[in-house]
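Letter by letter, the chains look like this.
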Amino acid sequence: MTAATRPFRGLERRQRPGGAFGLAPLVDVVLLLLVFLLISARFDRSHIVTVDLPRVPSVTQGMPPSAEGRVIALAADGSLHWNGRPITRPKLSDLLGERSHEDRLLPLVIQGDSAAALGDGLALLEFLRGLGYPHCVFQVRGPVDRQGE
């Protein structure tokens, strides 16, 4: 064969002297292993953060004036109180359902006991939003205030 009939003449396999091998394929394999390790590694991002909630000495302190007299207290056992008086969910629905549209735009205060379940508070929030009250504020009542605070 002549050089003109061998079109792939430059692609012949070259032998390295002494049987040495190239480092490029080794670097490629190491980088692929590193990428595989990073993709398959499990990074734990869940951390527990303890939060000290502020103590509220009275219900009306820190509330906007439009929220006074609009307090729904959620006790640890799940019972509800409207402005300090016990009330059931159906009666609360009747009471809040007869309010005007403008009155529904004023904020309601959900005052939860620190021992109340979060699920109960969120269910109450959804209940109130279903009645047409889009603005609800959460307050958390803690245990009796410690001395010196």
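Note that the structure is a prediction, hence the values are computed from the model and not measured.

Participant: Got a minute to help me understand helix 4 (residues 118-130) in this structure?
Facilitator: Along an α-helix, residues three or four positions apart point the same way, because every turn accommodates 3.6 residues. Its 13 residues place the ends of helix 4 18 Å apart at the C-alpha level, agreeing with the 18 Å of an ideal helix rising 1.5 Å per residue. Gly132 lies just past helix 4 and shows a positive phi near 100 degrees.

Participant: How should I be thinking about the layout of surface pockets in this particular structure?
Facilitator: Leftover empty space is mapped by rolling, across the atoms, a probe with the size of a water molecule. Quantified by volume, the largest pocket comes out at close to 220 Å³. Secondary structure elements with two or more residues in the lining of the largest pocket: strand 4 (108-113), helix 4 and strand 5 (136-141). Tallied by class, residues from the lining of the largest pocket come to seven nonpolar, four polar and one charged.

Participant: Please explain the confidence of the model for the chain as it appears in this structure.
Facilitator: When pLDDT drops low, the exact placement of atoms in the prediction is not to be read closely. When pLDDT is averaged along the chain, the result is 75, and 66% of the positions lie at 70 or above. Per-residue pLDDT stays below 50 along residues 144-149; that stretch engages in three contacts with residues further than four places along the chain or on separate chains.

The rules behind the values
Residues numbered from 1 in each chain as written. Predicted model: local features only at pLDDT ≥ 70, side-chain atom pairs only at ≥ 80, totals over all residues. Heavy atoms only, no water. Helix = DSSP H or I, 4+ residues; strand = E, 2+ residues; numbered from the N terminus. Expected span 1.5 Å × (residues − 1). 1 Å grid on protein atoms, 1.4 Å probe; cavity = no way out; pocket = protein on both sides within 12 Å on 5 of 7 lines; lining within 4 Å. Points joined across faces, edges and corners; volume = space filled by probe spheres on them. Nonpolar A, V, L, I, M, F, W, Y, C, P; charged D, E, K, R; others polar. pLDDT = per-residue confidence, 0-100. Contact = heavy atoms within 4.5 Å.

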